[in-house]
Amino acid sequence: MRTLKVLIADDEPLARARIRALLSGRPGIQVTSECADGAAALAEMLRNPPDIAILDIRMPGRTGLQIVREMPPGLRPVVIVATAHHEHAVEAFDEEAADYLLKPFDRGRLDLALRRASARVRERDQPAGAPAPAERLAVRVDGRIVFMRPSEIAWVEAASNYCVFHLLGGRRMLARVTMASLEGRLGGSGFVRANRSALVNADEVAELVPERFGDYAVLLRSGGSIPLSRKMRRRIRDIVEARRA
C-alpha cells in the first residue's frame, strides 16, 4: 500500500509534537504538514491535500469542523478529530469523521484511529464498483453515535430520512441516515438492495421463495421475509452464491 500523507492541525505546540512523536516511525504513514490555526490548515490542505487530517476542534481562524466543510468534496481528506472537548462528537460523526479522540490519548488509541482512517483511504482508492468492506458503521440515534459491525445487521428498511436497522437477535434501531448513503457505506460488506426500501445482508439470506404472479421474496435466516423486486433477483442470487463459494 502507498504511504499515506498526514496533516496535523492543533493550536497547541505540545499537542502537535506529541501526535508527531506517536506517529514517528509508523510504517506507511508520513506527516507532511503541521498547522497551528484553522486558516493555515485549510490553505495547506488545499495546496497539498493529505490523505488523513488529524484536527483539533477549537483553533484560531477556523474550527476543525469548519475546515472539513469548506474543503471541496474531491479534496477532502479522511478526518480524525483530536480534542479535549467531548461535546462535538455527534457533529464530527455527522461530517463523517473516521474517529474522535479525546485528549489525552495513548499510542494504542491513536493506532486504532489510524487503522480506521487508513481503511477509509483504501476504500477511496478502490476502483469504481469494488468498495472495501466496512470495518464498522457509525450512525446517529437520538443524538448519540452508535457503532455496529455490518455482520450484526440482518437487513435495513428505509423510512424517509431515517433507516430502521433490523439487528440479529430481533432488536430494531431507528437511525438518522438515508438509504442511498447507507448503501454506499455497506456496499463492500455484502449488502444488496432487495427492493427500493430494503437493504439485505447477503450472509443472512436463507432462500429466495417464489410467490404469486412470478414474484419472489427473500427469506432470512431469522425467519422474516422481504419482497424482492424482479430486477434485483439475479443480483442478489449472484452475490449470495459468490459469498458462499
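Above this note sits the structure.
Reading the values: rules and limits
- Residues numbered from 1 in each chain as written.
- Predicted model: local features only at pLDDT ≥ 70, side-chain atom pairs only at ≥ 80, totals over all residues.
- Heavy atoms only, no water.
- Pairing = 2+ DSSP bridges.
- Helix = DSSP H or I, 4+ residues; strand = E, 2+ residues; numbered from the N terminus.
- Axes fitted to C-alpha atoms, helices over the stretch in contact; angles between N-to-C directions.
- Contact = heavy atoms within 4.5 Å.
- 1 Å grid on protein atoms, 1.4 Å probe; cavity = no way out; pocket = protein on both sides within 12 Å on 5 of 7 lines; lining within 4 Å.
- Points joined across faces, edges and corners; volume = space filled by probe spheres on them.
- Nonpolar A, V, L, I, M, F, W, Y, C, P; charged D, E, K, R; others polar.
- Core = buried A, V, L, I, M, F, W, Y, C linked by side-chain atoms within 4.5 Å.
- Buried < 20%, exposed > 50% of the residue type's maximum accessible area, 1.4 Å probe, protein only.
- Phe/Tyr/Trp six-rings, centres within 6.5 Å; stacked < 30°, edge-to-face > 60°.
- Parallel < 35°, antiparallel > 145°, perpendicular 65-115°, else oblique.

Asker: Teacher, can you tell me more about the sheet that holds strand E4 (residues 78-83) here?
Answerer: Note on sheets: strands pair through backbone hydrogen bonds, and any given pair is parallel or antiparallel. Spatially, the five strands line up as an open sheet ordered E2-E1-E3-E4-E5, and their pairing is parallel. Looking along the sheet, the strands with just one partner apiece sit at the ends: strand E2 (29-35) and strand E5 (99-102). When the angles between neighbouring strand axes are averaged without regard to direction, this sheet yields 20 degrees. Across the sheet, helix H5 (residues 107-125) touches strand E1 (4-9), E2, strand E3 (52-55), E4 and E5, and the angle it forms with E5 is around 160 degrees.

Asker: I'm lost on the layout of surface pockets in this one. Help?
Answerer: Approximately 820 Å³ is the volume attributed to the largest pocket. Lining of the largest pocket is provided by 33 residues; of these, Glu96, Ala97, Arg120, Ala138 and Arg185 occupy positions nearest its centre. The leading source of residues in the lining of the largest pocket is H5, at six residues. A breakdown of the residues in the lining of the largest pocket according to their chemical character gives 18 nonpolar, two polar and 13 charged.

Asker: Please explain the nonpolar core as it appears in this structure.
Answerer: A general feature of soluble globular proteins is that nonpolar side chains tend to end up buried together. Core analysis: the largest hydrophobic core is formed by 23 residues, its most contacted members being Leu7, Ala9, Leu55 and Val81. When residues of this core are traced back to their parent elements, those giving at least two are E1, helix H2 (38-47), E3, helix H3 (64-70), E4 and helix H4 (89-94). Ranked by the residues each element gives to this core, the list is headed by H4, at four residues. Aside from chain neighbours lying at most four places away, what touches valine 81 is Leu55, Ile57, Ala92, Ala97, Asp99, Tyr100 and Leu101. Listed in part, the 20 residues of the second largest apolar core include Leu4, Ile29, Ile54 and Val78.

Asker: Mind showing me how you'd approach the packing of aromatic side chains here?
Answerer: Each aromatic ring pair is characterised by the separation of its centres together with the angle its planes make. Going through the model one piece at a time under the given rule, you end up with one aromatic pair. Measuring from ring centre to ring centre gives 5.3 Å for phenylalanine 93 and phenylalanine 147, while their planes differ by 80 degrees; the resulting arrangement is edge-to-face. Highlighted residues: phenylalanine 93 in helix H4 and phenylalanine 147 in strand E7 (residues 144-148), separated in sequence by 54 residues. By relative accessible area, which is 15% here, phenylalanine 93 ends up buried.

Asker: Please explain the packing of helix H1 (residues 13-23) against H5 as it appears in this structure.
Answerer: Angle between the axes and distance between the axes: these two values describe a pair of packed helices. Viewed as axis vectors pointing N to C, H1 and H5 meet at an angle of 75 degrees, and their least axial separation amounts to 10 Å. When the axes of H1 and H5 are compared, the pair comes out roughly perpendicular. From H1, Ile19, Ala21, Leu22 and Leu23 reach across to H5, where they touch Arg107, Leu110 and Leu114. Of the residues assigned to the contact of H1 with H5, the class counts are six nonpolar, no polar and one charged.

Nothing here speaks to function; it is all geometry.
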